[in-house]
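Geometric and topological summary
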Amino acid sequence: MTSTAIIGSGPAGCYVADQLLRLVPDASIDILEKLPVPFGLIRYGVAPDHQSTKAVSRVFERVLARDTVRFFGNIEVGRDVRLAELLELYDAVVLATGSPRDRRLGIPGEGLPGVIGSGSFVNWYNGHPHVSAPAVNNVKSAVVIGNGNVAIDVARILAKGPAELAGSDLSPEVLSWLSSQPLTTIHIVGRRAALDAKFTDHELAELGTLQRAQPIINDPASLTGDNAVVKTLRSFAEAAGRDTPVTIEFHFNRVPVAFLGGQQLRAVEFRNPAGAITEIPAQLAVTCIGYETTACCTAAPAKGVFANEEGKVGERLYVAGWARRGPSGTIPTNRVEAQQLAQKITREIADGQRSGGEGLRRLLEERGRCWVDYAGWRRIDAAELSTAGAERCRQKICSLEQMLEVALSDQLESV
Ligand code: NAP
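1. A few points about the sheet that holds strand S11 (residues 255-261)
In space, the three strands of this open sheet follow the order S11-S12-S13, with antiparallel pairing throughout. Only two strands of the sheet have a single partner each, and these edge strands are S11 and strand S13 (277-281). Taken over all neighbouring pairs, the strand axes of this sheet differ in orientation by 25 degrees on average, direction set aside. As paired strands, strand S12 (residues 265-271) and S13 are joined by five bridges and run antiparallel to one another. Along S13, the bridge assignment pairs Glu 269 with Glu 279.

Here is the structure:
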């Protein structure tokens, strides 16, 4: 029986495990995750008001629950175990570490308080234990840079009122920050034309259904061309205006030039195709311009991904998901890609009689490392669901210490 270690428990990693098991039902698979909780982008990237998208985690739960699958949460490759050690212990190793770093614009003022990358912002509103609230307050105007679906998510979460966010898993702290901002305007700014926007029509159209906010097109003449996104933008331009406390204003053909401010952000400067410079006043700017992968122990990325040939990085080392192809596609894209990768791994890898998960367990015990297994995750999950209350579907535990306390409670009790 072959053994595989998958580094990362987001959709890419879980789909690879799922597809490997479809080909070899008794394959031994260990999923390592640096946080105590699984599911990566599903838990910390997908918007909290899109619970139907998060529901794919039920498929992944079934994978983690399989007899031959082990979850090693709270284990970071490079800190607790080296990549070279995993390659000795397992027949195959898969990097499924995603793209955790925000791309940067590289323009003046990017470090000002009030300027934040979408990865951090999205992690924050999803209750990630390593990210705190934006370092600003009194946000009346927010600029969202980028014309992809992440920009739509960010704008929608800012735009919705508390009633519209009920039933999500936004934490009370996040909700309190959002509702305490005197927000009146959200600007979504693209560097190219509306026709080139990467929004999907479905996500864009949702902005026209909000209660607290309405989308506005300041320059309907800029809506040239004819595709589904442009048609939806035109429908926004043609809609009868409503009296809403917040407006979402679209701007196209505006290249970001600088973030302006002294102690904190005051405005964002843009250049139009004629070279003219304009300013949009803002106390918060979220750059939604994509992500890059980061090194995993000795594996170093180039141009934001791990160089690979059809998912193969080196001898018995593979890569999947955003760490392989960059931050593109939807969650099901990972399933298709995982199917091909699982076939490749199954073709190329033989049973090397390696010690696999047993060997990893011994190594971690020798080092005194404490990990969260699947039962530990289930305890966190149960605690989060049982404390949810009527307002939300889940009360996420947002501190690492608390997660470990809940996950390891049976071990602590037996000491
Ligand atoms: P994206 O779709 O690639 O959009 C990135 C945006 O940033 C583009 O408009 C791009 O403009 C712009 N950009 C890049 N560099 C820039 C720069 N230097 N200055 C100004 N603008 C710049 O990426 P994303 O929105 O981060 O989404 C990542 C993936 O997740 C996508 O595949 C997306 O569809 C998916 N996603 C899906 C959902 C959903 O289905 N509900 C939700 C969230 C995310 P150019 O086009 O000019 O390069």
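Following the structure, the description resumes.
2. Quick notes on the packing of helix H6 (residues 118-125) against helix H7 (residues 149-159)
One way to put it is that H6 packs onto H7 with a least axis distance of 11 Å and a crossing angle of 45 degrees. Classified by the interaxial angle, the pair formed by H6 and H7 is oblique. Between H6 and H7 lies a crossing of left-handed hand. Each of Ser 118, Phe 121, Val 122 and Tyr 125 in H6 lies in contact with H7, whose residues at this interface are Val 150, Asp 153, Val 154, Ile 157 and Leu 158.

3. Some details on the site of the ligand
Lining the immediate surroundings of the ligand are 20 residues, of which Asn 147, Val 150, Arg 191, Arg 192 and Gly 329 lie closest. Interatomic distance of 3.3 Å between a backbone N/O atom of Cys 288 and an oxygen atom of the ligand. Notes on the ligand: free accessible area 920 Å², of which the protein chains cover 81%. Top element by residues in the shell around the ligand is H7. It accounts for three residues. Of the residues contributing to the shell around the ligand, the split by class is eight nonpolar, seven polar and five charged.

4. Digging into the environment of Val 305
Its place among the elements puts Val 305 in the loop between strand S15 (291-292) and strand S16 (312-314). A residue is classified by how much of its surface remains accessible, and Val 305, at 18% relative accessible area, is buried. Note: C-alpha distance between Val 305 and Phe 252 (53 residues apart in sequence) is 29 Å. When residues no more than four places from it in sequence are discounted, the contact partners of Val 305 are Thr 293, Trp 322, Ala 323, Arg 324, Arg 325 and Gly 326.

5. Let's talk about the sheet that holds strand S6 (residues 115-117)
Backbone hydrogen bonds are what pair the strands of a sheet, in a parallel or an antiparallel way. Spatially, the six strands line up as an open sheet ordered S6-S14-S7-S8-S10-S9, and their pairing is parallel. Each of the sheet's edge strands pairs with one partner strand only, and the pair in question is S6 and strand S9 (213-217). For this sheet the average axis-to-axis angle between neighbouring strands, irrespective of direction, equals 20 degrees. Pairing geometry for strand S8 (residues 185-189) and strand S10 (residues 246-251), over five bridges, is parallel. Across the sheet, the residue bridging to Ile 188 is Phe 250, located in S10.

6. Focus on the pattern of salt bridges
On inspection of all chains with the given rule, the structure shows 31 salt bridges. The salt bridge involving Asp 169 is made with Lys 396; its shortest N-O contact spans 3.9 Å. Here Lys 396 lies in the loop between helix H15 (374-386) and helix H16 (400-407) and Asp 169 lies in the loop between helix H8 (162-165) and helix H9 (172-179), a separation of 227 residues in the sequence. With respect to class, Asp 169 is no different from Lys 396; both count as buried. Across the salt bridge formed by Glu 279 and Arg 266, the nearest N and O atoms sit 3.6 Å from each other. Linking Glu 279 in strand S13 with Arg 266 in strand S12, this pair joins segments that are 13 residues apart in sequence. According to the relative accessible area criterion, Glu 279 is partly exposed, its value standing at 44%. Where salt bridges share partners, they join Arg 43, Glu 61, Arg 378, Asp 381, Glu 384 and Arg 394 into one cluster.

7. Remarks on unusual backbone geometry
Positive phi values are uncommon outside glycine, yet Phe 39 reaches one of about 95 degrees. Given the relative accessible area of 4%, Phe 39 is considered buried. The phi torsion at Lys 303 lies on the positive side, around 50 degrees, for a residue other than glycine. One can find Lys 303 in the loop between S15 and S16.

Cut-offs and rules
Residues numbered from 1 in each chain as written. Predicted model: local features only at pLDDT ≥ 70, side-chain atom pairs only at ≥ 80, totals over all residues. Heavy atoms only, no water. Pairing = 2+ DSSP bridges. Helix = DSSP H or I, 4+ residues; strand = E, 2+ residues; numbered from the N terminus. Axes fitted to C-alpha atoms, helices over the stretch in contact; angles between N-to-C directions. Parallel < 35°, antiparallel > 145°, perpendicular 65-115°, else oblique. Left-handed = near helix turned anticlockwise from the far one by under 90°. Contact = heavy atoms within 4.5 Å. Near = heavy atom within 4 Å. Polar contact = N/O pair within 3.5 Å; in protein donor to acceptor, adjacent residues only side chain to side chain. Areas by Shrake-Rupley, 256 points an atom, 1.4 Å probe, with all protein chains shown as cover. Nonpolar A, V, L, I, M, F, W, Y, C, P; charged D, E, K, R; others polar. Buried < 20%, exposed > 50% of the residue type's maximum accessible area, 1.4 Å probe, protein only. Salt bridge = Lys/Arg side-chain N within 4 Å of Asp/Glu carboxyl O.

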